[in-house]
Amino acid sequence: MQAITQAGFRYLPLVLLALAWEIVARLNLIDSSALPPLSKVATAWVDLVRDGELIDNGASSLYRGSVGLILAIVVGGGLGLCMARWRLLDIFVNPLVELFYPLPKSALIPVTVLWLGFGDGSKILLIFLGCMIPVTIGAYNGARGSDHALVWSARSMGANRLRMMLDVIMPSALPELLNGIRTALALAFILLVSSELIVSQKGFGYLIGYLGSTGSYEGMYAVVLTVALLGFAADRLYQLFMQWVLRWRE
Amino acid sequence: MAGVEDAPSLAAAETEISQDAVRRFDVAFRGGAAIFSILVLLIAWEVFARSGKVTAFMLPPFSAVAERIYADAISGALWRNLSVTMVRAMAGFFIAAAGGIALGAAMARNTVVRWFFDPIISVGFPMPKIAFLPIIILWLGVYDVSKICIVVFDAIFPVVTATLAGIASVDKELIWSGRNMGASEGELMRQITLPAALPQILTGLQVALPIALIVAIIAEMAMGGYGLGGAMMSASRFADSRGVFAGIVEIAIVGYALLKAMAVIRRRLLAWHEEASHH
């Protein structure tokens, strides 16, 4: 009970903000087309769910996002681990990673459209390219930081390269790798929504743009809030997952 | 006698010199490898684009892209777009920096401010705030104000959290002794707490800077008009792939230069800090 009151007190400001929104909109302090009341946004949300539009577009967004992100984790993580393990690869590939790391990833949106058009492919490619670098850097830093004594003792006990990678280097690289993936997760949402806003015929971003251009602002607000809360929920779930994976650490 | 005594230190000096030489060789080798890798990438791009396996529309050769950048630089279009984008990104970044540090400091000092903003920051930080772009356009139109606003909205979160964390980790004895010597709360904040928290605040700014650039470019792509993002988008609409690739190269150079400049500024500002002696 006490925990609930505490949480309630903690999140009270958010409730106050929602109330202020409703009151400001109801009193028409701001033009109601620019700020529809929260209650109307909620009704619009229910309507969007009921006629399937939100689910359809959401499913295609989630599909694009998860495929791109998984590709980025597998390829980027593998590349980072290999770079940490083989010095020659490190020396020649690291400059390229450093070159692409500061590239504002949104610059890739028009190119992916040029290559793969307006559909799923261009979004998946964009998310893959944009999210790969943080995962690579996380895996690389993590694996390079792995304790040399552990590596040596594993080697003296006759572990081969694959076993060494799976049993020694992967676990010690895990915390930094997982942090890199967390950055990639946030980036995936940003790239997904912005590319769908700019060029798309499907997805959350498309739906936001479509509802906005037809003047149904309640619906637009509903989708914007849905995407924002999904991004927040994904990050919280991922944090829980990280804690569970790393529970063997102190 | 003297010669014998000198021998160990000479040997030590010699190993030091040879270690130094090894280090220098390593740095030179890595630098050479970096230039080599980038050259290989550019040559591979050129050769692959000219091989006929891809059309010039899908991948124009690097030389054609470089020519395009040169032509844009001569005609002045590059500088106009670059300056417009930089003004938006930097205006947003500096507002976010000032506002974020002020808000973080206020949250650290005042429990009511902290109570109010803490859930907003912790819920807002992981949200993809770019989704709010259409709402900001609805409110403020498609001009500079809305673009700068979305940059501030996105870039302020890492600054606030870094400032809070930095202030929380300041050595309490520094503050106690400052207070003992009669510093007011304002003086404590300006002269002790904020400088001591500076390393973490700068880290927050280093996170916020690329965000500012990314968001400024997205906003330009979504709203059109001048700017590097807008120019890339209109090039893409007119199937002008040289223009698109020129945009990527230009934006990549800007991003790289900004990050390097930020690292230099960090080293300057933290010259007094023990962190600097590691370099």
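Residues numbered from 1 in each chain as written. Chains lettered and ligands numbered in written order. Predicted model: local features only at pLDDT ≥ 70, side-chain atom pairs only at ≥ 80, totals over all residues.

Caption draft 1: Summary view of the overall build of chain B. A count of helices and strands for chain B gives 10 helices and zero strands. Against the 2.2 N^0.38 benchmark of 19 Å for 279 residues, chain B shows a C-alpha radius of gyration of 25 Å, more extended than a compact globule. Across its three principal directions, the C-alpha atoms of chain B cover 75 × 70 × 30 Å. For chain B, the proportion of its 279 residues judged to be buried stands at 34%. (Helix = DSSP H or I, 4+ residues; strand = E, 2+ residues; numbered from the N terminus. Rg over C-alpha atoms; globule rule 2.2 N^0.38 Å. Buried ≥ 20, exposed ≤ 12 C-beta atoms within 10 Å, placed from the backbone.)

Caption draft 2: Representation of the overall build of chain A in the model. Looking only at helices and strands, chain A features 10 helices and zero strands. Here the C-alpha radius of gyration of chain A, 23 Å, is well above what a compact globule of 250 residues would show, namely 18 Å. Projected onto its principal axes, the C-alpha positions of chain A cover 75 × 55 × 30 Å. For chain A, with 250 residues in total, the buried portion stands at 41%.

Caption draft 3: Structural context of the interface of chain B and chain A. In this assembly, 42 residues from chain B lie in contact with 41 residues from chain A. Listed by contribution, the elements that provide at least two residues to the side of chain B that touches chain A are α1 (2-50), α4 (111-124), α5 (133-140), α8 (185-223), α9 (228-237) and α10 (241-269) of chain B. Looking at the side of chain B that touches chain A element by element, the count peaks at nine residues for α10(B). Class assignment of the residues belonging to the side of chain B that touches chain A gives a composition of 36 nonpolar, five polar and one charged. (Contact = placed C-beta atoms within 7 Å. Nonpolar A, V, L, I, M, F, W, Y, C, P; charged D, E, K, R; others polar.)

Caption draft 4: Structural view of the domain arrangement of chain A. All names here are of chain A. Under the domain assignment, chain A is made up of domain 1 (1-35) and domain 2 (37-248). Each of domain 1 and domain 2 has a C-alpha centre, and the two are 31 Å apart. Domain 1 puts six residues into the contact, and the matching count from domain 2 is four residues. Tallied by class, the residues present in the side of domain 1 that touches domain 2 amount to three nonpolar, one polar and two charged. (Domains from an automatic or database assignment.)

Caption draft 5: Expanded view of the environment of D56(A). Residue and element names in this part refer to chain A. Its location among the elements puts D56 in helix α3 (residues 53-85). Judged by the 13 C-beta atoms lying within 10 Å of it, D56 is partly exposed. With 47 residues separating them along the chain, D56 and F9 place their C-alpha atoms 37 Å apart.

Caption draft 6: Representation of unusual backbone geometry. Here A239(B), not a glycine, exhibits a phi torsion of approximately 55°, which is positive. Mapped onto the secondary structure, A239(B) falls in the loop between α9 and α10.

Caption draft 7: Local environment of the packing of helix α3 (residues 77-109) of chain B against helix α6 (residues 144-168) of chain B. All names here are of chain B. Running from N to C, α3 and α6 point in directions that differ by 35°, and their axes come no closer than 6 Å. At the point where α3 passes α6, the crossing takes the right-handed sense. Among the residues forming the contact of α3 with α6, the class breakdown is 20 nonpolar, five polar and three charged. (Axes fitted to C-alpha atoms, helices over the stretch in contact; angles between N-to-C directions. Left-handed = near helix turned anticlockwise from the far one by under 90°.)

Caption draft 8: Highlighting the domain arrangement of chain B. Parsing chain B into structural domains produces domain 1 (1-53) and domain 2 (62-278). Centre-to-centre separation of domain 1 of chain B and domain 2 of chain B, based on C-alpha positions: 35 Å.

Caption draft 9: Representation of α8(B) within the structure. Residues and elements named next belong to chain B. In this model, α8 (39 residues) spans only 45 Å end to end at C-alpha, well below the 57 Å of a helix rising 1.5 Å per residue. A maximum bend of about 60° is found in α8 at L198, where proline P199 lies one to four positions downstream. Once α8 finishes, G224 follows within two positions and takes phi at roughly 75°, a positive value. (Expected span 1.5 Å × (residues − 1). Bend = angle between axes of the 7 residues up to and from the residue.)

Caption draft 10: Spotlight on the environment of A235(B). All names here are of chain B. Take A235: it is sitting in helix α9. Sequence separation between A235 and F245 is 10 residues; the distance between their C-alpha atoms is 9.4 Å. If sequence neighbours within four positions are ignored, A235 has contacts with D240, G243, V244 and G247.

Caption draft 11: Seen up close, the environment of I167(B). All names here are of chain B. Here I167 is to be found in helix α6. Sequence separation between I167 and T85 is 82 residues; the distance between their C-alpha atoms is 33 Å. Look past the residues within four positions of I167 in its chain and what remains in contact with it is G104, A105, A108, T193 and A197.

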